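# A closer look at the structure
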Amino acid sequence: VLIAFPNNFGISYDLIAAMSQVTMVTTICESEGIQNNISNQYESNSVNMENVNFLVTEIDSYWTRDYGPWYVAYGDDQIGIVDFVYNRPNRPNDNAIPTQMADMHGIEWFGMELITAGGNYMTDGEGISASSDLVWEENPDLTPTDIDEMVDAYLGVNTYHVLDDPNNTYID
């Protein structure tokens, strides 16, 4: 699980504690001092510290679902990170997180020149994925076929559904 603490968490300590019981919780924060404060809060809130690690770097927001790395399997059961161009240019530190995660884990990083956000992408992990048509709007130099080919080449997605905004709101 990847969470971030720019000034606060967007989730409760109870949720962090529950996640730490079953998986590694990687916390992004901006300094070792903040890391120490978070560690103290984690210990006070029954977070399993054996399942906690930290990435100390600059960040702009806690929206890790939007800018975080996309993990893929390739080659001989190797794991790598596919990194898209985060669709929030005013958050350059967030956009840099996938590269730093690849370095942290010592795994391959693949840069995909597709502008999007993780919150606009859903996958079943079996070659079928979906996004709203925002992916077409944010990549005007690419055709829908170009985008389909890119998600197939980088993500192994052979069925890519691009749908109208289901909420009919600004957020897509």
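Above this text is the structure in question.
First, a word on scope: everything that follows refers to the structure included in this document. Per chain, residue numbering runs from 1 following the sequence as it is written. Owing to the predicted nature of the model, reporting of local features is limited to residues with pLDDT of at least 70; listing and counting of side-chain atom pairs is limited to 80 or more, with chain, interface and lining totals taken over all residues. The side-chain figures draw on all heavy atoms in the structure; neither hydrogens nor water molecules are used.

## A word on the overall build of the chain
Note the following rule: Numbering of helices and strands runs from the N terminus, with a helix taken as a DSSP run of H or I at least four residues long and a strand as a DSSP run of E at least two residues long. Here the globule rule is a power law, 2.2 Å times the number of residues to the power 0.38, and the radius of gyration is based on C-alpha atoms. Whether a residue is buried, partly exposed or exposed follows from its accessible area with a 1.4 Å probe, protein chains only, as a fraction of its type maximum: under 20%, in between, or over 50%, in that order.
Counting its secondary structure elements, the chain contains seven helices and nine strands. In summary, the chain has a C-alpha radius of gyration of 17 Å against a globular reference of 16 Å for 172 residues, a match within 12%. Its C-alpha atoms give the chain principal-axis dimensions of roughly 50 × 40 × 25 Å. Of all 172 residues assigned to the chain, the portion counted as buried reaches 41%.

## What to know about the side chain of T64
Defined as follows: Residue contacts are counted whenever heavy atoms from the two residues lie within 4.5 Å of one another.
For T64, the location among the structural elements is in helix α3 (residues 64-67). According to the relative accessible area criterion, T64 is buried, its value standing at 13%. In contact with T64, not counting residues within four places along its chain, are L2, I3, A4 and I28.

## Some words on helix α5 (residues 97-105)
Our working definition: What the arc describes is the spread of directions from the helix axis to the C-beta atoms.
Taken together, the buried positions of α5 are I97, P98, M101 and A102. Taken down its axis, α5 places every buried residue within 140° of arc, on the same side. Count one or two residues on from α5 and you reach G106, which has phi positive near 65°.

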